[in-house]
Amino acid sequence: MRDLRLALLPLAAALLAACAPEAQAPAELPPPDAAAIEVHMAYLASDDLEGREAGTPGFDLAAEYVAAEFEKIGLKPAGTDATWYQPIEFLRSVRAETGHSFEARDASGTLLPFTENLNVAITGSLQGAETAVQGQAVFVGFGIVAPDLGRDDFAGLDLNGKIAVVLAGTPKGIQSEERATYGSRKMRNISERGAIGVVQLETPTSKTVYPFQRILSSGVLTSASLAWLKADGTPYSAAPNIRAFAYVPVEAAAPLFAGAPMDWDAVQAAAEADGGAVQGFDLPASISISQRSNLDSVFSSNVVGMIEGTDPVLKNEVIVITAHLDHIGITPTVGEDSINNGALDNAAGIATMLDAARMLKNGPPMKRSVVFLALTAEEKGLLGAQYFAMNPSVSGTLVANVNLDMPILTHEFTDIIVYGAPRSTIAPHVESAAAEMGVTLSPDPKPDQGYFTRSDHFRFVEASIPSVYLEPGFANGGEAAHAEHLANNYHRPSDDMTKPINFESGARFAELNARIALALANADTRPLWKKDDFFARMFNGPQEP
């Protein structure tokens, strides 16, 4: 693999040199470079990198490429010990081929009809090479605790030493970003109440987003799970009590509710209604789950470059631009292809970040420092972002994050979706940058899917840092482009460079993000959450006076 890297990097460099724009005066931002974005994507999404899974040689090649580009641009190394890299040691768990079981019995001890990989799927675990749990089943609804709404799905329930049965997704009728945040904390909620295992039930809505059959076929069960290791050598986990986990499809859940206070049909109806007000209750069933996993440790690195601010005081307020470098690697063969190249997810985000970094390095002075962060292990649970937010490799205070993840670049976008913008003083800078380019802002078109918690910026939000996540919008053919990608290419080998990628749209996206970063870096005041905003309160973040 090392010989391959040495052969490919000079080729990429030569191609970039051939398509590089003429040198620009630093008085204004240089123009974006669509050809350079294409070259970056072509390398990062090539089969040679084998899908860039965190902890693999393919990812390491991608990290070396980004570091070399950071150096070429003229960024300052901002990783550990003033290198380009922030290495992270991970505990890695790969589900063993055998040694898994799931049994559910009703109150009389009769075995309920569950068959592994037919109507139940058992994951591996990071809590041990072999774990087995057994206990009374307790239904916990959506597992939501929302003090603002006066809601606690666990009220009156005893979960200590028991198996939590929880609905996938989040209830409808709650503000989308807040709902997604509550949903992202359900495993933490379950663990804190003493449960030792979890069975997640597919719902009619969750089936439309990520159906059970995708879990069986897309590598969710076979790909490695990671947890970063703390200084004491133990894995970080927000839900350390959960030692086994299983999925059950919507068609198979009914037997668990036979003789319960609500049958499965009634639970589904309540879950699909606005508010999804499904109160938990004990189930007349016991469940046992066992799993086997192969455990080892691996290293994978964030790649970190910086443009240091010019103001002696404000340079210590750091703007962070992020894009994840990893993808899902090699999964069970689809047709003749098993390599998930991740062209749009997220070679496109990295490529546009690189071009934005080039523009900013050759543009006007910036008072605040701007960090460019190519993240590892996003696909493993936003882990590289979580590690950096909790253990930043740069000095100063992280004051804002702008995240670029899976921009759909198969159409000429005229609007953008900016998740989280109205919640902080980042919003006017995004609006002015977009207006300068004739781009409009559109609201979240799919609030039920909780995108605000599903990418790296959310780890910065959890660290109290105002953050936004940008993607091209649904106007001018964007809705069809998004639907096509999600239905046919998302987390599949077909997300590759054979698709009709519009590199001029990539250049436009890079320019927009450069303008936003420039505005934030030179603003009179640092970004703040709006007064009494949900996220300011939830994570004790800095607010407007």
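Parameters at a glance
Every chain is numbered on its own, with residues counted from 1 as its sequence reads. Reporting of local features is limited, given that this is a predicted model, to residues whose pLDDT is at least 70; pairs of side-chain atoms are given and counted only at 80 or more, and all residues count toward the totals for whole chains, interfaces and linings. Hydrogens and waters are ignored; side-chain quantities use all the structure's heavy atoms. Secondary structure elements are taken from DSSP: a helix is a run of H or I of four residues or more, a strand is a run of E of two residues or more, and numbering for both begins at the N terminus. Here, two residues are considered to be in contact whenever any of their heavy atoms come within 4.5 Å of each other. In short, Shrake-Rupley with a 1.4 Å probe defines the accessible areas, and a residue's cover is counted only from the protein chains shown. For the purpose of charge, His is not counted, nor are the chain termini; Lys and Arg are scored as positive and Asp and Glu as negative. Taken as the charge centre is NZ of Lys, CZ of Arg, CG of Asp or CD of Glu, depending on the residue. Classification of residues uses two cut-offs on accessible area relative to the type maximum, computed with a 1.4 Å probe and protein chains only: under 20% is buried, over 50% is exposed, and between them is partly exposed. Here a pair means two rings of Phe, Tyr or Trp (six-membered ring of Trp) with centres within 6.5 Å. Their orientation is stacked below 30 degrees between planes, edge-to-face above 60, and tilted elsewhere. The criterion for a charge sitting over a ring is simple: Lys NZ or Arg CZ within 6 Å of the ring centre, and within 35 degrees of the ring normal. For helices, the fitted axis covers only the stretch in contact; all axes are lines through C-alpha atoms, and the angles between them, taken along N-to-C directions, range from 0 to 180 degrees. Here is the rule for angles: anything less than 35 degrees is roughly parallel, anything more than 145 is roughly antiparallel, 65 through 115 is roughly perpendicular, and the remaining ranges are oblique. Take a side-chain nitrogen of Lys or Arg and a carboxyl oxygen of Asp or Glu: if they are within 4 Å of each other, that pair is a salt bridge. To form a nonpolar core, buried Ala, Val, Leu, Ile, Met, Phe, Trp, Tyr and Cys residues must be joined to one another through side-chain atoms within 4.5 Å. Whether two strands pair depends on DSSP finding at least two bridges between them. Two N or O atoms form a polar contact when they lie within 3.5 Å of each other; inside protein one atom must be a possible hydrogen donor and the other a possible acceptor, and for residues adjacent in sequence the pair counts only when both atoms belong to side chains.

1. So, the overall build of the chain
Working step 1: Along the backbone of the chain there are 15 helices and 20 strands.
Working step 2: Seen through its principal axes, the chain has C-alpha atoms that stretch 80 × 55 × 50 Å.
Working step 3: Taking all contacts inside the chain whose residues are at least 6 apart in sequence as the whole, residues at least 24 apart take part in 82%.
Working step 4: On the chain, roughly 20,500 Å² of surface is accessible, and the fraction owed to carbon and sulfur atoms is 52%.
Working step 5: Taking the average location of the 39 positive side-chain charges in the chain and that of its 66 negative ones, the two points are 4 Å from each other.

2. Quick notes on unusual backbone geometry
Working step 1: With an omega dihedral of 10°, the bond running from D345 to N346 counts as a cis peptide bond.
Working step 2: Within the fold, N346 resides in helix α9 (residues 343–361).
Working step 3: Unlike most non-glycine residues, A377 shows phi in positive territory, near 60°.
Working step 4: Within the secondary structure layout, A377 lies in the loop between β16 (369–375) and α10 (383–390).
Working step 5: Using a relative accessible area of 0% as the deciding quantity, one classes A377 as buried.
Working step 6: In this model, H491 sits at a positive phi of 55°, which is unusual for a non-glycine residue.

3. A look at the packing of aromatic side chains
Working step 1: Taken as a whole and assessed by the stated rule, the structure comprises 21 aromatic pairs.
Working step 2: The ring centre of F154 lies 4.6 Å from the NZ or CZ of R193, which sits over that ring.
Working step 3: Its end group placed over the ring of Y210, R214 keeps NZ or CZ at 4.7 Å from the ring centre.

4. Quick word on the packing of helix α2 (residues 34–44) against helix α3 (residues 57–73)
Working step 1: With their axes 10 Å apart at the nearest point, α2 and α3 run at an angle of 155° to one another. Classified by the angle their axes make, α2 and α3 are roughly antiparallel. Contacts between α2 and α3 pair V39, H40, Y43 and L44 from the former with L61, A62, Y65 and E69 from the latter.

5. Concerning the pattern of salt bridges
Working step 1: Counting across every chain of the model gives 22 salt bridges.
Working step 2: With its nearest N and O atoms 3.3 Å apart, the salt bridge here joins E272 to K172. Of this pair, E272 sits in helix α8 (residues 264–272) while K172 sits in the loop between β8 (163–167) and α4 (176–184), placing them 100 residues apart in sequence.
Working step 3: For K172, a relative accessible area of 21% puts it in the partly exposed group.
Working step 4: A salt bridge links E177 to R423; the shortest N-O distance between them is 2.6 Å.

6. Observations regarding the nonpolar core
Working step 1: Counting residues in each nonpolar core, the largest one holds 76 residues, and the members touching the most others are M41, L325 and F372.
Working step 2: Counting residues per element, this core draws most heavily on α9, at 12 residues.
Working step 3: Excluding its chain neighbours within four sequence positions, the residues that come into contact with F372 are F70, L75, V303, V304, G305, I307, I321, M353, A357 and L360.
Working step 4: If you look at the next biggest cluster of nonpolar residues, it comprises 49 residues, including F102, F257, W529 and A536.

7. Here we look at the pairing of strand β5 (residues 130–139)
Working step 1: Two strands pair when backbone bridges link them, and β5 and strand β12 (residues 281–307) are joined in this way by nine bridges, in the antiparallel orientation. Within the sheet, the bridge partner assigned to V133 lies in β12 and is I289.
Working step 2: Of the pairings in the sheet, the one linking β5 to β8 comprises three bridges and is parallel in character. Looking across to β8, one finds that F139 is bridged to V165.

8. Overview of α2
Working step 1: With eight of 11 residues buried, α2 is to be regarded as a mostly interior element.
Working step 2: Within the sequence span of α2, burial applies to A34, A36, I37, V39, H40, M41, Y43 and L44.
Working step 3: By the N-cap criterion, in which a side-chain oxygen at the helix start approaches the backbone nitrogen of a residue two or three places on, α2 is capped by D33, the distance to A35 being 3.2 Å.

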